[in-house]
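Descriptive structure summary
Below are the chains, spelled out letter by letter.
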Amino acid sequence: MQASETKNDFSRGSIARNILNLAVPMTLAQLVNVLYNIVDRIYIGRIPEHATLSMTGLGLCLPIISIVMAFANLFGSGGAPLCSIERGRGDIDEAERIMGNSFGMMLIVGVILTALGLVLKKPMLYLFGASAETFPYADSYVSVYLIGSVFVMVGLGMNSFINSQGFGRIGMLTVLLGAVSNIILDPIFIFRLGMGVQGAALATVISQFLSAAWILSFLTGKRTILKLRLSCIRPERARVKKIAALGLSGFTMSITNSLVQIVCNATLQSCGGDLYVGVMTVVNSVREVVQLPVQGITNSGQPVMGFNYGAGEYGRVKKAIAFTSAAAICYTTVMWVFIHGFPEFFIRIFNQDADLVRAAVPAMQTYYFGFFLMSLQYSGQAVFVALGKAKRAVFFSIFRKVIIVVPLTLLLPRIAGLGTTGVFMAEPVSNLVGGAACFCTMLATVLPELSKDPEKSGDGKQHREA
């Protein structure tokens, strides 16, 4: 254990190297994790009959999937940064109690979500933009997916505690287990057994179970720094309140993503019908893939920033902020160029239907306009979360999605006859206004705080006491 603690002491060595050592495996792990749903859509988009309706039905389930992920983020992204801060202070016992309480809440909430989802699925799917043609496909998928929501929450949420300890490669390998299983099981269930979208959901649930089991085996094993103990699992109100307060940022981002998906699908259904709901499914699928590196970079910066903040190494925190922000902006600028220049390439990964491709090309170019501005939101929120400034992170999550995107999605289609184009325009406008506001506020409030004490703004020479 002592060797692991020394190896993962983020107050030592190059800031960029510390972040990249986490970012590369963490990004690969997130890519693999996204494959759970992305691979489903790729296979479903190639079903001989009703491929577009099947994929549109799966797209209608995305808000429900986002809700499950939101609660995983509430306790995972809330507890993991607190663990980093406590480990930086040298309080391993408190760090383990935070992790245990997070796990306990994931189990409890996962069971509740399963029960509520199965009872309310029909009215929810129609609210989300389902039609008589697409509802059967959405219902088949979500009914199976909800049964495995506990595995999804544990697999996604608890992996944050592996990464926050500096075991980025372990985090990647544990998710890889589930993703490879999904890739193997999908064609068997979808095509060989003729289960269609229901088979895709079953493959996902089984794969998430394997991933969750492997993660728990590591966190209860000998290699981990912080161990998941039965004595720490029972939730304690004060501790859960701290975890949830910090996790509200990730929770709010996922919940507001779900809200935006609901509003977008419902508006597109009224303006363009099932075809444009299918287009939005493709657009969201591309986004899930291309945003992964920026998520990986900003999420990897959080343990490094949190550890050094807890250790009083404010100079290293500022270097981590600068590196994380610059890397995120550069990457998203490059991706904007590729998506704008070759939209059809990305679309055909998920669907070959000529009508859908024709409608999706201008939609993609509109939706991703100024894509680099999105990195400002991710960078600003990552800093707020890493340093435990929960209220600011939550505010900017709500500001961009609820205050900007949702109203624009409802209003723009009715202005100047924009129709479906107006729905896709809401995203770049929100990236400009919301992203700039979040990033500038972070610079104006966090950097002065980190510069207050000159003795603690050096280059990591002052380390925390053992």
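Residues numbered from 1 in each chain as written. Predicted model: local features only at pLDDT ≥ 70, side-chain atom pairs only at ≥ 80, totals over all residues. Heavy atoms only, no water.

So, the overall build of the protein
As a reminder of what qualifies: Helix and strand assignments follow DSSP, with helices taken as H or I runs no shorter than four residues and strands as E runs no shorter than two, numbered in order from the N terminus. Within these notes, the globule rule equals 2.2 Å times the number of residues to the 0.38 power, and the radius of gyration is based on C-alpha atoms. When a residue's accessible area, from a 1.4 Å probe over protein chains only, is under 20% of the maximum for its type it is buried; when over 50% it is exposed; and in between it is partly exposed. Contacts: residue pairs with any heavy atoms within 4.5 Å of one another. Areas reported as accessible are Shrake-Rupley estimates using a 1.4 Å probe. Residue values count occlusion only from the protein chains shown. A positive count includes Lys and Arg, and a negative count includes Asp and Glu. His and the chain ends are not counted in either. One atom stands in for each charge, and that atom is NZ of Lys, CZ of Arg, CG of Asp or CD of Glu.
Helices and strands together make up the secondary structure of the protein, namely 18 helices and zero strands. For 466 residues, the compact-globule estimate of 2.2 N^0.38 gives 23 Å, and the C-alpha radius of gyration of the protein, at 22 Å, lies within 12% of that figure. Dimensions along the principal axes, computed over C-alpha positions, put the protein at roughly 65 × 45 × 35 Å. Per-residue burial for the protein yields a buried fraction of 60% across its 466 residues. For the protein, restricting intrachain contacts to residue pairs at least 6 apart in sequence, the fraction spanning at least 24 positions comes to 83%. Accessible surface for the protein amounts to roughly 18100 Å². Of this, 66% is attributable to carbon and sulfur atoms. Of note, the protein has its 37 positive side-chain charges centred 4 Å away from the centre of its 25 negative side-chain charges.

With respect to the pattern of salt bridges
We count it as follows: Criterion for a salt bridge: a side-chain nitrogen of Lys or Arg within 4 Å of a carboxyl oxygen of Asp or Glu.
For the structure shown, the criterion picks out 12 salt bridges. Taking the shortest distance from any N to any O, the salt bridge between Arg239 and Glu94 comes out at 3.0 Å. Note that Arg239 is positioned in helix α10 (residues 237-271) and Glu94 in helix α5 (residues 92-127), a separation of 145 residues in sequence. No difference in accessibility class separates Arg239 from Glu94, as the two residues are buried. Note that Glu344 is salt-bridged to Arg348, the shortest N-O span being 2.9 Å. Taken together, the residues Glu344 and Arg348, both in helix α14 (residues 343-348) and four residues apart, mark about one turn of the helix.

Section: the packing of helix α13 (residues 314-341) against helix α16 (residues 374-386)
This is how it is decided: Orientation is described by lines fitted to C-alpha atoms, with helices fitted over the stretch in contact, and by angles between N-to-C directions that extend from 0 to 180 degrees. Between 65 and 115 degrees an angle is taken as roughly perpendicular, under 35 as roughly parallel, over 145 as roughly antiparallel, and anywhere else as oblique. For any helix crossing, the convention is left-handed if the near helix is rotated counterclockwise from the far helix by under a right angle, and right-handed if that rotation is clockwise. Three residue categories are used. Nonpolar comprises Ala, Val, Leu, Ile, Met, Phe, Trp, Tyr, Cys and Pro, charged comprises Asp, Glu, Lys and Arg, and polar comprises the others, including Gly.
Following both chains from N to C, one finds α13 and α16 inclined at 160°, their axes separated by 9 Å at the closest point. By the angle class used here, α13 and α16 are roughly antiparallel. Considering how the two elements wind past one another, α13 and α16 form a crossing that is right-handed. Contacts from Ile321, Thr324, Ser325, Ala328, Ile329 and Thr332 of α13 reach α16 at Met374, Ser375, Leu376, Ser379 and Val383. Residue composition of the contact of α13 with α16, by class: six nonpolar, five polar and no charged.

Thoughts on α5
Put simply, the rule reads: Helix span, expected: 1.5 Å multiplied by one less than the number of residues in the helix. Bend is the name given here to the angle between axes fitted to two runs of seven residues, the run ending at a residue and the run starting at it.
Between its first and last C-alpha, α5 extends only 46 Å over 36 residues, short of the 52 Å set by a 1.5 Å rise per residue. Of all bends in α5, the biggest is about 65°, found at Lys121, and the proline Pro123 comes one to four residues later. Phi turns positive, to about 110°, at Gly129, one or two residues after α5.

What about the nonpolar core?
Most often, soluble globular proteins have nonpolar side chains that are buried together. To be explicit about the condition: Residues belong to a common nonpolar core when they are buried Ala, Val, Leu, Ile, Met, Phe, Trp, Tyr or Cys residues joined through side-chain atoms within 4.5 Å.
Tyr141, Met158, Val290 and Tyr368 are the most contacted members of the largest nonpolar core, which has 127 residues in total. In terms of residue count, helix α4 (residues 62-89) provides more of this core than any other element does, 12 residues in total.

So, a nonpolar patch on the surface
Where we set the bar: For patch detection, residues must exceed 30% relative accessible area and be free of salt bridges, and they are connected within 9 Å for like charges or within 5 Å for nonpolar side chains (Val, Leu, Ile, Met, Phe, Trp, Tyr).
Residues Leu173, Leu176, Val180, Ile184, Ile188 and Leu193 make up a contiguous nonpolar surface patch of about 490 Å² in total accessible area. Tracing the backbone shows Leu193 in the loop between α8 (168-192) and α9 (196-219).

Some points on the environment of Ile188
Relative to the assigned elements, Ile188 resides in helix α8. Accessibility expressed as a relative area gives 36% for Ile188, which makes it partly exposed. With 11 residues separating them along the chain, Ile188 and Gly199 place their C-alpha atoms 8.2 Å apart.

Some remarks on the confidence of the model for the protein
Cut-off, in case you're wondering: You can read pLDDT as the predictor saying how much it trusts each residue, on a scale of 0 to 100.
Taken as a whole, the protein shows an average pLDDT of 83; of its residues, 90% reach a score of 70 or greater. Mean pLDDT per element in the protein: helix α1 (residues 2-7) is the minimum at 45, and helix α15 (residues 354-367) is the maximum at 92. This stretch, residues 1-7, has a pLDDT under 50; its non-local contacts, to residues over four places away or in other chains, come to seven contacts. Per-residue pLDDT stays below 50 along residues 456-466; that stretch engages in 28 contacts with residues further than four places along the chain or on separate chains.

Section: the side chain of Glu427
As for its position among the elements, Glu427 is in helix α18 (residues 420-450). Setting aside residues no more than four positions away along its own chain, Glu427 makes contact with Arg287, Tyr367, Arg400, Lys401 and Val405.

Regarding the state of the cysteines
Convention followed: Here, the term disulfide refers to a pair of cysteine sulfur atoms separated by no more than 2.5 Å.
Taken as a whole and assessed by the stated rule, the structure comprises zero disulfides. There is no disulfide at Cys232, and the cysteine sulfur nearest it, in Cys83, is 10 Å away. With relative accessibility at 5%, the residue Cys232 sits in the buried group. Free cysteine: Cys438, not disulfide-bonded; nearest cysteine sulfur from Cys440 at 9.4 Å. By relative accessible area, which is 0% here, Cys438 ends up buried.

So, the packing of aromatic side chains
The relation between two aromatic rings is expressed through the spacing of the ring centres and the mutual angle of the planes. Short version of the rule: We call Phe, Tyr and Trp rings a pair once their centres come within 6.5 Å, taking the six-membered ring for Trp, and we label the pair stacked below 30 degrees between planes, edge-to-face above 60, and tilted otherwise.
Scanning the model with the defined rule gives 16 aromatic pairs in all. A ring pair is formed by Phe71 and Phe251, whose centres lie 4.9 Å apart and whose planes are at 70°; its orientation type is edge-to-face. In this pair, Phe71 is assigned in helix α4 and Phe251 in helix α10, connecting sequence segments 180 residues apart. Just as Phe71 is buried, Phe251 falls in that class too. Summarising the aromatic geometry, the rings of Trp336 and Phe369 are spaced 5.4 Å apart at their centres and angled 85° between planes, so their arrangement reads as edge-to-face.

As for the environment of Trp214
You can see Trp214 is positioned in helix α9. Of the residues examined, Trp214 reaches a relative accessible area of 46% and is grouped as partly exposed. Measuring from C-alpha to C-alpha, the distance between Trp214 and Val175 comes to 8.6 Å, with 39 residues separating the pair along the chain. Setting aside residues up to four positions removed in sequence, Trp214 forms contacts with Thr174 and Leu177.

Observations regarding the environment of Arg223
Structurally, Arg223 can be placed in the loop between α9 and α10. The exposure class of Arg223 is exposed, given its relative accessible area of 54%. Separated by 56 residues in sequence, Arg223 and Phe167 place their C-alpha atoms 9.7 Å apart.

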